[in-house]
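Given next are the chains, with one letter for each unit.
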Amino acid sequence: ENPIGEFADALVFADAINKANAGTIKTISVIGGGTFKPLYRPDNFVRSMTDPQNSFLLPKDVALVGSYDVDAKTLMRTSKKNNKATGITILDGDLGDGVNAHHIVMAVGDVGTTSMKGFGIMSGSNFGNTASLTVNAQSISPTKGAGMYLLNASPTLNFVAFLGNMSDEAGGAIYVENATPTIN
């Protein structure tokens with residue numbers, strides 16, 4: 001049983017614990033897959049179910065492990081099911097009522113050895129977004145990186161698939177600025 005039921009809560013918890021005592025939490029694993037929504041704003045960590053500024057902000061030096069062998073074809077087949085039985089771990093930007101997260105996953109600043117393995121990232125959209133954010137003292141463009149936004153951060157991404165993410169300006173799936181992520 002997962003002691004922290006929501007993936008978004010686990011990320012916020014790991015970030016807070018590791019800032020207080022570096023290296024305490026090294027791995028977050030999602031057992032059995034599932035669909036998870038971003039529940040926190042990355043600029044102030046206010047929890048909301050429907051704020052389009054919500055994002056999964058990657059903590060420093062944490063390995064995030066979802067389901068294995070995720071690819072775009074598998075993600076496409078399972079994206080409509082919202083079914084834990086598929087074993088796929090989906091980070092879904094569809095917040096309901098026509099609202100989509102503007103940046104589903106963000107890494108801003110030094111993330112050290114942070115990695116993601118086995119995730120599908122889908123349904124991010126920042127069309128018409130004009131609200132910029134400041135995260136970790138860095139300015140985030142409102143019209144780039146609907147699926148994933150990397151700014152001065154270079155995580156390792158293994159078996160991460162993107163589906164249906166749309167940006168107004170650049171990087172529908174992934175936007176990278178001043179970073180050299182490892183993508184496998």
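Up top is the structure these notes are about.
Residues numbered from 1 in each chain as written. Predicted model: local features only at pLDDT ≥ 70, side-chain atom pairs only at ≥ 80, totals over all residues. Heavy atoms only, no water.

1. A word on the environment of Val 105
You can see Val 105 is positioned in strand 8 (residues 105-108). Classification of Val 105 by relative accessible area gives buried; the value is 0%. In this structure the C-alpha to C-alpha distance between Val 105 and Tyr 149, which are 44 residues apart in sequence, comes to 6.4 Å. Once residues within four sequence positions are removed from consideration, Val 105 is found in contact with Ser 55, Phe 56, Leu 58, Leu 91, Met 116, Ile 121, Gly 147, Met 148 and Tyr 149. (Helix = DSSP H or I, 4+ residues; strand = E, 2+ residues; numbered from the N terminus. Buried < 20%, exposed > 50% of the residue type's maximum accessible area, 1.4 Å probe, protein only. Contact = heavy atoms within 4.5 Å.)

2. Notes on the pairing of strand 5 (residues 89-92)
Across the two faces of strand 5 the burial is the same, with Thr 89 and Leu 91 and Ile 90 and Asp 92 all buried. Sheet topology places strand 2 (residues 34-36) next to strand 5; 3 bridges connect them, and they run parallel. Across the sheet, Gly 34 pairs through a bridge with Thr 89, a residue of strand 5. Bridge count between strand 5 and strand 9 (residues 115-122): 3 bridges; the pairing is parallel. What sits directly across from Leu 91, in strand 9, is Ile 121. (Pairing = 2+ DSSP bridges.)

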